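Examining the three-dimensional arrangement
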Amino acid sequence: MTLPGAPFVARRDGELELEGHSLAALAREFGTPLYVYSRGAMRAALAGYRRALHGRPHLVCYAMKANSSLAVLQTFVEAGCGFDIVSAGELERVLAAGGSADKVVFSGVGKTGAEMQRALEAGVRCFNVESRGELDRLDAVARAAGRRAPVSLRINPDVDARTHPYISTGLKSNKFGIAHGEALATYRYAASLAGIEVSGIDCHIGSQITEVEPYLDALDRLLDLVEAVEAAGVPIRHLDLGGGLGIRYADEAPPAADELVGRLIARLDARGHGARELLFEPGRSLVGNAGVLLTEVLYLKRGTAIDVAAGAARNFCIVDAAMNDLMRPALYEAWMAIEPCRLRADAAERWDIVGPVCESGDWLGRDRMLVVAPGDVLAVLSAGAYGMSMASNYNSRPRAAEVMIDGPRATLIRERETAGELFARERLLAR
Ligand code: LLP
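Residues numbered from 1 in each chain as written. Predicted model: local features only at pLDDT ≥ 70, side-chain atom pairs only at ≥ 80, totals over all residues. Heavy atoms only, no water.

**Regarding the packing of helix H2 (residues 39-53) against helix H9 (residues 257-270)**
Packed helices, taken two at a time, are described by the angle their axes make and the gap between the axes. Where H2 meets H9, the axes come as close as 7 Å, and the angle between the chain directions of the two elements is 25 degrees. For the element pair H2 / H9, the angle class is roughly parallel. Regarding H2 and H9, the two cross each other, and that crossing is right-handed. Facing Gly-48, Tyr-49, Arg-51, Ala-52 and Leu-53 of H2, the residues of H9 in contact are Ala-257, Asp-258, Val-261, Gly-262 and Ile-265. Looking at the contact of H2 with H9, its residues break down into six nonpolar, two polar and two charged. (Axes fitted to C-alpha atoms, helices over the stretch in contact; angles between N-to-C directions. Helix = DSSP H or I, 4+ residues; strand = E, 2+ residues; numbered from the N terminus. Parallel < 35°, antiparallel > 145°, perpendicular 65-115°, else oblique. Left-handed = near helix turned anticlockwise from the far one by under 90°. Contact = heavy atoms within 4.5 Å. Nonpolar A, V, L, I, M, F, W, Y, C, P; charged D, E, K, R; others polar.)

Below, the structure written as structure tokens:
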């Protein structure tokens, strides 16, 4: 079986490589824990969406929560993408990376008045509004600023994305979006507000989705609404189908982006909506398999053979990356492939790969058959999405460094944080 991230992630002569660069050599040069990304892999992932959308009015808005490092954003700015943001902080990052606000859609259930004001002043393309309360607040902020806020209503289509409950968002029981049954009335209401200009409709049903059907169900529900809303005299210019396409971590077989988008377009055409502008908000599928997290093995701690065989003890491979660097395993029990950067010839043993953080939940992988020795470098694959962007400083651990590979070049795009930076904004009390 090929490695997740292939062909950009590959093994040559026992040596693990990303876009042709030895990962062990990068770990030596830049230290660990280290995130390494392939620009080529990001561009290739984007090209899948682009192929299917070619010749149609569209905007791919990279959901930057997946990885908001400036050089990653710059990569998508240069490729002509827009961005899906969920906070004013993300907007500042887009602008710092050279992006323009008129390609930004602002999602999220809890935008503050200050965030709305900043986004209006910067001139974002659209606010994806998730409740009536938010609509009222945005209307007031826009009128106070003497503007009209372009709005799309995020509809909760009540379809099951069949993914992990923490990352499923399109069910009635989730906090997201406006219920399908209330959508028409909410559009009428939006159209009546002086500070609001209805622009589109959107949905996002979840993440790490590996089938096309939930998307088709959501699209049908959305198109029913578009027809009803337009019949009520409120024109809908664009259709935003969100993000959510899954990637291969283990043996998942998600559709390719061009297949997914192609099938959605076929449905749109069949229902006579082919001319509408299409927006997508992919995150994970653009960057997930373009990145790895490198970590050095610190210590091996074996249980006694009898206890391990009885399940009463385990073998721990203690590494220098932890749940604060990569939260997905601890938070979702996510399985992510772990590969040694250099293969050894000895017999494999069963290991739990754990970090230095003082929590039993601090693991990166469990029950992995590996040959490891202190000083070896391991790579956690598929770590380009929701890795660095979810990192924390728990246990006062400075965040990892990041390197971007672009053809022959490997560039440090984020310096390793220092301990001093962690408490630079703190103050001691007067003695
Ligand atoms: N649009 C909206 C409104 C979203 O909430 C999200 C993700 C996306 C787009 C992008 O979804 P993607 O294409 O990346 O699936 N931390 C979790 C994933 C949380 C996703 C949150 N929303 C994880 O590590 O699996």
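**Remarks on the environment of Arg-11**
Along the chain, the position of Arg-11 falls in strand E1 (residues 9-12). On the basis of relative accessibility, which here comes to 26%, the residue Arg-11 falls in the partly exposed class. Along the backbone, Arg-11 and Ser-22 are eleven residues apart, and their C-alpha atoms lie at a distance of 9.2 Å. Residues contacting Arg-11, with those up to four places away along its chain left out, are Leu-3, Leu-16, Glu-339, Pro-340, Cys-341, Arg-342 and Leu-343. Here the side chain of Arg-11 touches Gly-14 through a polar contact of 2.9 Å, landing on its backbone oxygen. One polar contact links the side chain of Arg-11 to the main-chain carbonyl oxygen of Pro-340, over a distance of 2.7 Å. (Buried < 20%, exposed > 50% of the residue type's maximum accessible area, 1.4 Å probe, protein only. Polar contact = N/O pair within 3.5 Å; in protein donor to acceptor, adjacent residues only side chain to side chain.)

**A look at the state of the cysteines**
According to the stated counting rule, one finds zero disulfides in the structure shown. The thiol sulfur of Cys-61 is not disulfide-bonded, and the nearest other cysteine sulfur, from Cys-81, lies at 8.1 Å. Just so you know, Cys-341 is unpaired, no disulfide at all, and the nearest cysteine sulfur is the one on Cys-317, 12 Å from it. Judged by its relative accessible area of 0%, Cys-341 is buried. (Disulfide = S-S within 2.5 Å.)

**Here's the deal with the site of the ligand**
Within the structure, the ligand sits among 17 residues, and Ser-207, Glu-281, Arg-328, Tyr-332 and Tyr-386 are positioned closest to it. One nitrogen or oxygen atom from the side chain of Glu-281 is found 2.6 Å from a nitrogen atom belonging to the ligand. With respect to the ligand, the side chain of Tyr-386 contributes an N or O atom lying 2.6 Å from an oxygen atom. The protein chains hide 92% of the 590 Å² of surface that the ligand would expose on its own. Composition of the shell around the ligand by domain shows at least three residues from each of domain 1 (9-38 + 289-422) and domain 2 (107-282). (Near = heavy atom within 4 Å. Areas by Shrake-Rupley, 256 points an atom, 1.4 Å probe, with all protein chains shown as cover. Domains from an automatic or database assignment.)

**A short note on the nonpolar core**
Within the largest apolar cluster, 102 residues are counted, with the highest numbers of intra-cluster contacts made by Tyr-62, Phe-76, Phe-127, Tyr-187, Ile-201, Val-287 and Ile-353. Top element by residues in this core is helix H8 (residues 213-231). It accounts for nine residues. Lining this core are residues from two domains, each supplying at least three of them: domain 1 (9-38 + 289-422) and domain 2 (107-282). If sequence neighbours within four positions are ignored, Phe-127 has contacts with Phe-106, Lys-111, Met-116, Ala-119, Leu-120, Leu-138, Ala-149, Pro-150, Val-151 and Ser-152. Among the nonpolar cores identified, the runner-up in size contains 21 residues, and Leu-26, Val-292, Leu-294 and Val-403 belong to it. (Core = buried A, V, L, I, M, F, W, Y, C linked by side-chain atoms within 4.5 Å.)

**Regarding the side chain of Arg-39**
Structurally, Arg-39 can be placed in helix H2. Among the polar contacts listed, one links the side chain of Arg-39 to the side chain of Asp-406, at a separation of 3.2 Å. Apart from the residues lying within four places of it in its own chain, the contact partners of Arg-39 are Glu-19, Gln-74, Thr-75, Glu-78, Met-404, Ile-405 and Asp-406.

**Here we look at the domain arrangement of the protein chain**
For the protein chain, the assigned domains are domain 1 (9-38 + 289-422) and domain 2 (107-282). Between the C-alpha centres of domain 1 and domain 2 the distance comes to 36 Å. Counting residues at the interface gives eight residues for domain 1, matched by seven residues for domain 2. At the boundary of domain 1 and domain 2, one finds zero salt bridges. (Salt bridge = Lys/Arg side-chain N within 4 Å of Asp/Glu carboxyl O.)

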